[in-house]
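Architecture at a glance
Residues per chain are reported as follows:
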Amino acid sequence: CGECNGSGINVMCWDGLYVCDESECTEIPANYPPWDLNVDGVIDNYNFYEFNGTITGRVYNDEDVEIGDDGDMVAAFVGNELRGVARASVVPEQLGGGYGFLAMIYSNQVNDEILTFKFYDSNIDEVIDLVETVEWFSNMTIGNVIDSFNFHTPSTGIVGCLDETACNYNPIATISGDCDYPED
């Protein structure tokens, strides 16, 4: 690998990175979810379903900062049933940069199911429930890498006015929100 006339990069690791030899892959993290065991970016039992649709999104934390990295995934569920998965894909700088999640989602219903989503953050080896839900319909196409569907991690704090002089001061708030002040 990397030598003239060598076989080249031909092994994809659990995190989507390509290497010359499987021994170069990092160890699979302890909390790595079994959403895409063959690392192809599609749920492993997609052939069980008749209908499909797509969601292309990006993930943001509770401070509206885009997150995502090699090895991260977004998964779609109906109840506890896995219906789609997307591995982080690098978005070219001319299209906004960062990471996009291009998910093919599957169902045996034409519509009337509610999708929930989870995010696997490989940097902290944790699965996080995302805030958004989507009503399923066959052949849906939601978002693209330029105008993506925005997923968000839940807020870890309480939004409120932090200014003690404001009319709506919230003493238990931890995240700055709008403040209202008395008129002079």
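Heads up: the structure comes first, above all this text.
Reference entry: report on the structure contained in this document.

The next thing to look at is the packing of aromatic side chains. Inspection of the entire model under this criterion finds 7 aromatic pairs. Aromatic side chains Phe-101 and Phe-119 sit 6.0 Å apart centroid to centroid with 90° between the ring planes, which places their arrangement in the edge-to-face category. Placement of Phe-101 in strand E7 (residues 99–107) and of Phe-119 in strand E8 (residues 111–121) is noted, with a sequence separation of 18 residues between them. You can call Phe-101 buried: its relative accessible area is 1%. A residue is classified by how much of its surface remains accessible, and Phe-119, at 0% relative accessible area, is buried. Put simply, the rings of Tyr-46, Tyr-49 and Tyr-106 touch in pairs and so form one group of aromatic residues. Cation over ring: Lys-118 sits above Phe-77, and NZ or CZ is 5.8 Å from the ring centre.

Turning to the environment of Tyr-99, a few remarks are in order. Along the polypeptide, Tyr-99 turns up in strand E7. Among the residues examined, Tyr-99 registers a relative accessible area of 15% and is labelled buried. Sequence spacing of Tyr-99 and Gly-143 is 44 residues, and the spatial spacing of their C-alpha atoms is 14 Å. Residue contacts for Tyr-99: discarding those within four places in its chain leaves Gly-57, Arg-58, Glu-66, Gly-68, Asp-69, Asp-70, Ala-88, Ser-89, Val-90 and Val-91. Reaching out from Tyr-99, the side chain makes a polar contact with the side chain of Asp-69 at a distance of 3.4 Å.

Under the counting rule described, the total for this entry stands at 2 disulfides. One disulfide bridge connects Cys-13 with Cys-25, the sulfur atoms lying 2.0 Å from each other. Sign of the S-S torsion, about -80° for the bond between Cys-13 and Cys-25, identifies this disulfide as left-handed. In this pair, Cys-13 sits in the loop between strand E1 (11–12) and strand E2 (18–19) while Cys-25 sits in the loop between E2 and strand E3 (51–60), placing the two residues 12 residues apart along the sequence. A relative accessible area of 4% places Cys-13 in the buried class.

Moving on, we get to the side chain of Ser-138. Of note, Ser-138 is situated in the loop between strand E9 (126–137) and strand E10 (141–142). Residues within four places of Ser-138 in sequence aside, it is in contact with Phe-51, Asn-52 and Val-110.

Criteria and thresholds
Residues numbered from 1 in each chain as written. Predicted model: local features only at pLDDT ≥ 70, side-chain atom pairs only at ≥ 80, totals over all residues. Heavy atoms only, no water. Phe/Tyr/Trp six-rings, centres within 6.5 Å; stacked < 30°, edge-to-face > 60°. Helix = DSSP H or I, 4+ residues; strand = E, 2+ residues; numbered from the N terminus. Buried < 20%, exposed > 50% of the residue type's maximum accessible area, 1.4 Å probe, protein only. Lys NZ or Arg CZ within 6 Å of the ring centre and 35° of its normal. Contact = heavy atoms within 4.5 Å. Polar contact = N/O pair within 3.5 Å; in protein donor to acceptor, adjacent residues only side chain to side chain. Disulfide = S-S within 2.5 Å.

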